[in-house]
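Summary of the model geometry
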Amino acid sequence: LGLAAAALAALPRASRAQGGAMLRVAFDAEWTALDPHFHSFPYNLSVAYHLFDALTAHDANQQAVPRLARSWRALGTEGWEFVLRDDVRFQDGSTVTAADVVASVARIRAIRNSPGPLTTVIRPVSEVTAKDAHTVTVMTSVPTPALPNLMTSVFIVPARLAEATGEDFATGRAQTGSGPFKFVSYARGDRLVLEPNPTHWGEKPGWARTELRIIPNAGAREAALLAGDVDFIVNPSTTSVERLKADPNFLVHQAISTRITYLQVHQGETPKADMGGTGGKNPFADPRVRRAVSLAIPRQAICERILDGLAVPASQIIGPGQSGHDPSLAVEPPDPDQARRLLAEAGWAQGFEVRLSTPSDRNMNGRRVAEAIASALTRIGIRVAVNAVPLNVWLAEWRRGEYSMVLHGAGPVPVTWTLVPQLVGTKDMAAGFGPSNESHFSNPALDAVMREALGEIDTGRREALLHRAAQTVRAETAVIPLHHEAAIWASRRGLTFAARSDTLTYATDIRSA
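**Quick word on the overall build of the chain**
A tally of regular secondary structure across the chain gives 14 helices and 23 strands. In terms of overall dimensions, the chain is globule-like: its C-alpha atoms have a radius of gyration of 23 Å, near the 24 Å expected for 513 residues. The principal-axis extent of the C-alpha atoms belonging to the chain is close to 70 × 55 × 40 Å. Within the chain, the fraction of its 513 residues that count as buried is 60%.

**As for helix α9 (residues 336–345)**
Those residues of α9 not exposed but buried are Ala339, Leu342 and Leu343. For α9, the angular spread of the buried residues around the axis is 100°, confining them to a single face. Downstream of α9 by one or two residues, Gly347 has phi in the positive range, about 90°.

**What to know about the packing of aromatic side chains**
A complete count under the given rule lists 13 aromatic pairs for this structure. Here the aromatic rings of Trp31 and Tyr186 are separated by 6.3 Å at their centres, their planes lie at 35°, and the arrangement is tilted. Placement of the pair is Trp31 in the loop between β1 (22–27) and α1 (42–51) and Tyr186 in strand β10 (residues 181–187), with a sequence separation of 155 residues. Residue Tyr186 is classed as buried on the basis of its relative accessible area, which comes to 18%. Put simply, the rings of Phe27, Trp31, Phe41, Tyr43 and Tyr186 touch in pairs and so form one group of aromatic residues. Directly above the aromatic system of Tyr43 lies the positively charged group of Arg362, at a separation of 5.4 Å from the ring centroid. One cation-aromatic arrangement involves Arg451 over Phe433; the distance from NZ or CZ to the ring centre is 4.3 Å.

**Some remarks on the pairing of β1**
The buried fraction of β1 is high, at five of six residues. Across six bridges, β1 lies against strand β12 (residues 209–214) in parallel orientation. The partner of Ala26 across the bridge, within β12, is Arg213. As defined by bridge partners, β1 adjoins strand β13 (residues 232–234) across two bridges and the pair is classed as parallel. What sits directly across from Val25, in β13, is Phe232.

**Re the sheet that holds strand β8 (residues 135–140)**
Sheet architecture is open: four strands sit in the order β5-β6-β8-β7, paired in antiparallel fashion. Lying at the two open borders of the sheet, with one neighbouring strand each, are β5 (69–74) and β7 (125–132). Neighbour-to-neighbour, the strand axes of this sheet turn through a mean angle of 20°, independent of strand direction. In terms of strand pairing, strand β6 (residues 79–84) meets β8 through five bridges, oriented antiparallel. Considered in β8, the bridge of Val83 is made with Thr135. Contacts from helix α2 (residues 98–110) reach β6, β7 and β8, with the element oriented near 160° to β7.

**Points about the pattern of salt bridges**
Taken as a whole, this structure holds 29 salt bridges when the rule is applied. Measuring nitrogen to oxygen at the nearest pair gives 3.0 Å for the salt bridge that ties Glu167 to Arg188. With Glu167 in helix α4 (residues 166–171) and Arg188 in the loop between β10 and β11 (191–196), the pair connects residues that are 21 residues apart, well separated along the chain. Taking relative accessible area as the criterion, Glu167 reaches 39% and is therefore assigned partly exposed. Each of Asp190, Arg191, Glu211 and Arg213 takes part in salt bridges that share partners, so that together they form one network.

**Thoughts on the nonpolar core**
Nonpolar side chains tend toward joint burial in soluble globular proteins. Of all hydrophobic cores here, the largest spans 102 residues; its most connected members are Trp31, Phe82, Leu192, Ile317 and Val424. Per-element accounting of this core gives the leading share, six residues, to α1. Beyond its immediate chain neighbours, meaning those up to four positions away, Val424 contacts Ile317, Asn437, Phe441, Leu446, Asp447, Met450, Val473, Ala478 and Val479.

**Remarks on the environment of Ile297**
The residue Ile297 is located in the loop between α7 (287–296) and α8 (299–306) in this model. Residue classification places Ile297 among the buried positions, given a relative accessible area of 0%. In the structure, Ile297 is positioned 37 residues away from Pro334 in sequence and 5.6 Å away in space, judged by C-alpha atoms. Excluding residues within four positions of it along the chain, Ile297 makes contact with Leu263, Ile302, Pro334, Ile373, Ile480 and Leu482.

Rules and cut-offs
- Residues numbered from 1 in each chain as written.
- Predicted model: local features only at pLDDT ≥ 70, side-chain atom pairs only at ≥ 80, totals over all residues.
- Heavy atoms only, no water.
- Helix = DSSP H or I, 4+ residues; strand = E, 2+ residues; numbered from the N terminus.
- Rg over C-alpha atoms; globule rule 2.2 N^0.38 Å.
- Buried < 20%, exposed > 50% of the residue type's maximum accessible area, 1.4 Å probe, protein only.
- Arc of directions from axis to C-beta.
- Phe/Tyr/Trp six-rings, centres within 6.5 Å; stacked < 30°, edge-to-face > 60°.
- Lys NZ or Arg CZ within 6 Å of the ring centre and 35° of its normal.
- Pairing = 2+ DSSP bridges.
- Axes fitted to C-alpha atoms, helices over the stretch in contact; angles between N-to-C directions.
- Contact = heavy atoms within 4.5 Å.
- Salt bridge = Lys/Arg side-chain N within 4 Å of Asp/Glu carboxyl O.
- Core = buried A, V, L, I, M, F, W, Y, C linked by side-chain atoms within 4.5 Å.

See below:
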């Protein structure tokens, strides 16, 4: 049940050797907020980890290990009890207590207008109470075996900050967390400056100052690394990876991520404005058309030629080796002839026009992948125009329902198999189903299987349920999985970094060799 205090040794340790040095890390996209409860976007989680603590953390193998909670135990199948460390203080000097945990969970539920709410993480939580100053009881509406993993994304803020705004966090007024770093300054679009938190309960960061910079352009990011303006970069371009590996002055750090890149298509009966030649009908409402799209895509060729071998084709939402992956579902090879037959059978032999929209600054080689898919679909009669826009623009338009077809990615998440209800569950925000399902896909029977799986304590039975869900998603082409990207970083020689499959970037993981 994760009670061993020895698991603390699995947490990342900062190097002591760098003393007074500065560490400069360049990200490829900006976090959407410094409020740790606003958005489950991976970069938000990366930044929050520096400034705040959660009850638990993930080690390199995605197992829950102690953080603010020194131990925990299951209360039968109805909930969990977490015992907090008694030596943790917020930066204002106040002790972190169970009341702060209760208030932080309540604050997550009160957040509005999030593009990716953290309520999906605490969906099964029915009640959180303070048994005493350092003991928290978390009751759940259904058995939730993965709760210690889910709590890795629930960062704890002082209860008195329950009403703090996003601007309060951005300006530093609300930056009184208990994390390893303290806030110095933040310039939107440029950098977040941090220093070690002198009251942090754990080992202090080895860097006197850390700058988390935002450099969206890959070429500019790599140029900054080559020039010595930064020490470490997130997501170097795929075309530069081999060159960096060959250069004795630099290192590349990589791991296959748990993130899934996918196509999502609008499945309502009425087409959207970015679709033409349909006579007022939506072709994607027919599962045969959705399957034709899937069969047209050369996944292996895209991974090899456009992603330079830095991705693996996907057969389903959950990747190989992860809980919920069904090994009986192989990656679909391209079959354009069968795709054309399915289109004709569905009454769309003449094809139609559609726009494929994707963030220009989020997915690995996203624009080029979208263009390759557009070319493949055009060959079967679906005429596709690519619309690549910045992530913040894309998110707003996607949430307003303006897109018929999108290329996007999901994950990582604290428990990988929760991606399935997030992407294809019938939209039910209170239940945590469908927060990223803008396709209008709905299958109540599939929802029931996923709900049962989420609450199943027995590992074997849960895996069987998750495999059933994966098979249904494939049979109905509820979403079109494309590939699992590699998580890639590059640094100057002299630094070590444990590459994480969850793609998160922590300055505490960057050490001096």
